[in-house]
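A look at the structure
Now for the letters of each chain:
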Amino acid sequence: MQIHGWGNYPTIDAEVTKPLYLYDCARLINGGPFIARGMGRSYGDSANAERVLQTTQLDRYLDFDANAGTLTCEAGVTLREILSIITTKGWFLPVTPGTSFVTIGGAIASDVHGKNHHISGTFCEHVTEITMLLGSGELVTTSPIEKSDLFHTTCGGMGLTGVILTATIKLKAIKSTNIIQTTLKADCLENIYDQFEAHQSSTYSVAWIDCLASGKRLGTSILMLGEHAEDGILESRMGKTITVPTYMPAQILNPLTVRAFNKLYYTKVSHQKTSTVPYKPYFFPLDKINDWNKLYGKNGFVQYQFVLPKAIGIGGMREILTKIAASGAGSFLAVLKMFRAQNQNLLSFPLEGYTLALDFKMNTETVSLIKELDAMIVDLGGRIYLTKDALMSSQTFKATYHQWQQFEMVREKYKAVGHFSSAQSQRLGLL
Amino acid sequence: MKKILIIGASSSMAEHCARLFAARGDSLYLVARNQEKLNSLQKDLSVRGAVKVSTYVMDANDYKSHSKMLDNAEVTLDGIDTVLIAHGTLSNQKNCEQNVDLTMQEINTNGLSAIALLTDIANRFEARGKGTIAVISSVAGDRGRSSNYVYGSAKAMVTTFTSGLRQRLYKSNVSVVTIMPGFVDTPMTAAFKKGPLWATPSKAAKAIIKAIDKRNEEVYVPGFWGLVMLIVKLIPNGIFKKMNL
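Residues numbered from 1 in each chain as written. Chains lettered and ligands numbered in written order. Predicted model: local features only at pLDDT ≥ 70, side-chain atom pairs only at ≥ 80, totals over all residues.

Turning next to the overall build of chain A. Assigned secondary structure in chain A consists of 12 helices and 22 strands. On C-alpha atoms alone, chain A measures out to a radius of gyration of 21 Å, which is about the 22 Å that the 2.2 N^0.38 rule sets for 431 residues. Burial analysis of chain A (431 residues in total) assigns 49% to the buried set. (Helix = DSSP H or I, 4+ residues; strand = E, 2+ residues; numbered from the N terminus. Rg over C-alpha atoms; globule rule 2.2 N^0.38 Å. Buried ≥ 20, exposed ≤ 12 C-beta atoms within 10 Å, placed from the backbone.)

Of the residues lining the interface, seven residues belong to chain B; the matching set on chain A comes to eight residues. Of the residues contributing to the side of chain B that touches chain A, the split by class is two nonpolar, one polar and four charged. (Contact = placed C-beta atoms within 7 Å. Nonpolar A, V, L, I, M, F, W, Y, C, P; charged D, E, K, R; others polar.)

Residues and elements named next belong to chain A. Parsing chain A into structural domains produces domain 1 (36-174 + 402-427) and domain 2 (178-391). Each of domain 1 and domain 2 was reduced to a C-alpha centroid, and the two centroids are 24 Å apart. Contact residues are listed per partner, giving 38 residues for domain 1 and 33 residues for domain 2. At the level of elements, helix H1 (79-86), helix H3 (117-120), helix H4 (148-154) and helix H11 (404-413) are the ones that each hand at least two residues to the side of domain 1 that touches domain 2. The element best represented in the side of domain 1 that touches domain 2 is H3, accounting for three residues. (Domains from an automatic or database assignment.)

Residues and elements named next belong to chain A. In the sheet, strand S6 (residues 61-65) pairs with strand S7 (residues 70-74) via four bridges, with the strands oriented antiparallel. The residue of S7 that forms the bridge with aspartate 63 is threonine 72. In sequence, S6 turns back onto S7 through a hairpin of four residues, with glycine 69 there showing a positive phi of about 75°. Inspection of the sheet shows S7 paired to strand S11 (residues 163-170) by five bridges, in the antiparallel sense. The residue of S11 that forms the bridge with glutamate 74 is threonine 166. (Pairing = 2+ DSSP bridges.)

This brings us to H1 of chain A. Along H1 of chain A, the positions that sit buried rather than exposed are Leu79, Ile82, Leu83, Ile85 and Ile86 of chain A. Summarising the axial view, the buried residues of H1 of chain A lie within an arc of 165°, below the 170-degree limit, and thus occupy one face. (Arc of directions from axis to C-beta.)

Before going further, it helps to spend a moment on the sheet that holds strand S3 (residues 52-57) of chain B. Residue and element names in this part refer to chain B. In space, the seven strands of this open sheet follow the order S3-S2-S1-S4-S5-S6-S7, with parallel pairing throughout. Only two strands of the sheet have a single neighbouring strand rather than two, namely S3 and strand S7 (218-221). Neighbour to neighbour, the strand axes of the sheet diverge by 15° on average, direction disregarded. Both strand S6 (residues 175-181) and S7 contribute to a ladder of four bridges, which runs parallel. Pairing of isoleucine 179 across the sheet is with valine 219, part of S7. Helix H5 (residues 100-128) contacts strand S1 (3-7), strand S4 (82-85) and strand S5 (132-136) of the sheet and is inclined by roughly 170° relative to S5. (Axes fitted to C-alpha atoms, helices over the stretch in contact; angles between N-to-C directions.)

Among the nonpolar cores identified, the biggest contains 123 residues, and Ile82, Ile108, Ile164, Ala167, Ala207 and Val302 of chain A are the most heavily contacted of them. A total of six residues in this core trace back to one element, the largest contributor, which is strand S19 (residues 301-309) of chain A. Per-domain counts for this core show at least three residues from each of domain 1 (36-174 + 402-427) and domain 2 (178-391) of chain A. Among the nonpolar cores identified, the runner-up in size contains 66 residues, and Ala50, Ala114, Ala140 and Ile179 of chain B belong to it. (Core = buried A, V, L, I, M, F, W, Y, C linked by C-beta atoms within 7 Å.)

The next subject is the packing of helix H1 (residues 12-23) of chain B against helix H7 (residues 201-214) of chain B. Residues and elements named next belong to chain B. Packing of H1 against H7 brings their axes to within 8 Å, and their N-to-C directions diverge by 60°. Looking at the two axes, H1 sits oblique to H7. The chirality of how H1 crosses H7 is right-handed. Contacts from Ser12, Met13, His16, Cys17 and Leu20 in H1 reach Pro201, Ser202, Ala204, Ala205, Lys206, Ile208 and Ile209 in H7. Here the contact of H1 with H7 is composed, by residue class, of eight nonpolar, three polar and one charged. (Parallel < 35°, antiparallel > 145°, perpendicular 65-115°, else oblique. Left-handed = near helix turned anticlockwise from the far one by under 90°.)

Bringing unusual backbone geometry into the picture now. Residue tyrosine 9 of chain A is joined to proline 10 of chain A through a cis peptide bond whose omega torsion reads -10°. Of note, proline 10 of chain A is situated in the loop between strand S1 (2-4) and strand S2 (11-13). Each neighbour pair has its own omega, and for valine 221 of chain B with proline 222 of chain B the value is -15°, a cis peptide bond. Take proline 222 of chain B: it is sitting in the loop between S7 and helix H8 (224-234). In the Ramachandran plot, lysine 147 of chain A falls in the positive-phi region, its phi being about 45° despite a non-glycine side chain. Among the secondary structure elements, lysine 147 of chain A is positioned in the loop between strand S10 (139-142) and H4. Non-glycine residue asparagine 173 of chain B carries a positive phi angle of around 70°.

A word on the pairing of strand S17 (residues 273-278) of chain A. Here is the key point about a regular strand: its side chains alternate between the two faces of the sheet. Residues and elements named next belong to chain A. Of all six residues that make up S17, zero are buried, and the element is exposed over most of its length. For strand S13 (residues 178-186) and S17, the ladder comprises six bridges, and the chain directions are antiparallel. Considered in S17, the bridge of isoleucine 180 is made with threonine 276.

Attention now moves to the environment of alanine 156 of chain B. All names here are of chain B. Inspection of the secondary structure puts alanine 156 in helix H6 (residues 149-170). Among the residues examined, alanine 156 registers 19 C-beta atoms within 10 Å and is labelled partly exposed. Along the primary structure alanine 156 and histidine 66 are separated by 90 residues, whereas in three dimensions their C-alpha atoms are 22 Å apart.

So, about the sheet that holds strand S22 (residues 383-384) of chain A. The eight strands lie next to each other as S17-S13-S15-S14-S20-S21-S19-S22 (chain A), forming an open sheet whose pairing is antiparallel. The open sheet has two edge strands with one neighbour each: S17 and S22 of chain A.

Averaged over every residue, the pLDDT of chain B is 94; residues scoring 70 or more account for 100%. If you check the scores for this complex, the pTM reads 0.93 and the ipTM reads 0.89. (pLDDT = per-residue confidence, 0-100.)

Another point: the packing of H5 of chain B against H6 of chain B. All names here are of chain B. One can describe the packing of H5 onto H6 by two numbers: an axis separation of 8 Å at closest approach and a directional angle of 10°. The angle between the axes of H5 and H6 places the two elements in the roughly parallel class. In this structure, H5 uses Thr103, Glu106, Ile107, Asn110, Gly111, Ala114, Ile115, Leu118, Ala122, Phe125 and Glu126 to contact H6, whose residues at the interface are Val150, Tyr151, Ala154, Lys155, Met157, Val158, Phe161, Thr162, Leu165 and Leu169. Residue composition of the contact of H5 with H6, grouped by class: 14 nonpolar, four polar and three charged.

Right, let's talk about the environment of leucine 93 of chain A for a bit. Residue and element names in this part refer to chain A. Summarising the element assignment, leucine 93 is placed in the loop between strand S8 (91-92) and helix H2 (104-109). Distance in space between the C-alpha atoms of leucine 93 and histidine 117 is 13 Å, their sequence separation being 24 residues. Excluding residues that lie within four positions of it along the chain, leucine 93 makes contacts with Leu79, Ile82, Leu83, Leu171 and Lys172.

Below is the structure:
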């Protein structure tokens, strides 16, 4: 069957196996290389392969200690599911990415980050143990202490070290499922950088940025800060969703409509406004719209996320934003975020600095724009998020993920080479 | 809190029903052939909120073991409110046509073993004057079709049997719910090409739970299958026999 990532680009004809129980997974090992895939929410081709092990039916819990706040479950359980069970008991996920429709296996393989990265780091920094299936067919347990080389290669390792079967995570205690949100407006890039620095102690912080704003308005953005409410209810309502029924004509999203939307959005939000909101719209605003990816039309889109090191200052981001604004190709959904220092995971994306994420409609102009942006990011000492990538060259990858050779050595040691491979890993020149 | 016995608990539809029971804090007694599967269900359903989850290994085709299992379930749960009979296999029609033993085995698994269980359970519930007996039958039992009439005839037996049982137990305040699923995307149907008529097991489970809670009749899951099967049943034999269904 034809499968693709969330960006609907690229697609691949794959043989998809959906095991029902953990012990069914080992059967796939000897039939040639494959990749594990969860909800297919990575944007590009990191979960694309000719053979795919889909983990969505490995969705059982093994243990939840509501006193200690630890949870163990199979790889295919989604963060949404976990939240529906733990929140009413006073617990929350330590790190949440922008959608709750991801599996725990995917969250680990991508070492996802959230609005609290500047304080809490990535998802895997709260994973205490993983059991996994190696290329040899062996089942092993790995943790920051046990086989730590395997652990730090698997966390953020894009599924290339083996199949994650179960994981144990340390949860975060909450007193309410509500979030106290404060919005602050920034009229230029310096201003938003200053505000990020000034609000470093805020638990959650993320900015929406208008990528079409140029000149004096370059960097116009809205910073959204958040704290868990100290009192109130513990509830987990699923809320109503709407569905994009079909692929929209790609022309609907053009510089004119996006510019109008961005202006309107910026005007509508008031400065220094504090409000109490449920956690779902705060953390997962787009989860309300099923299949929102179809808004970009049949050809799909590329989500482009990069990080630039703090040390190079604001100039690099200005250069890139100027380039994007000039192209007129940016989307509504551009997000700016400050990261803390990188962790020990070999292919983990975040490094100390600022990250920008935005969508580009898929077309030939996008391909050449991204090529130019990639080159700028290499020069600036940054890198591109593998979970969103669909186009990066092997040279760019190897120039920016400095530990890729060590990554390959650990894969070799644990018999992953020749067993686990994706369209992305082949493109990036990994064995 | 309800006390629920599920036979064929490792089937995908039954497991999704069990998750919904667990989420509302019911107490569960799970019966299946494989202890390893039961173990993982037990842990999972406990986390999902089930007050208590007990397991029992049994092959439904071993009729002699039924009453011991039922005795055990009654003691462990301290009385049973609801039974869900969900075990079954999707017979390979072509293989059955060439093999009498295989055909008999499929009829046993999908039809006779359910009849044996129902006979025993009915007497227990009738004596107490309360309870709900839910059985997963199939739309395949509504009319025999060349593509799966072995499986279909076993399910027809279950549907007809429960229809009579419902009349009998109505007087004793015991509900008999016959669930008639259409196409559900489960491991049993993994080999089929999926289209818009297919439901996920979790959607089907929601409808099944609703039926168990509120109804005392035959319930199609999803509901549109009632209309589909009505049309299928109305096709005159002269035309039906020439069709390829």
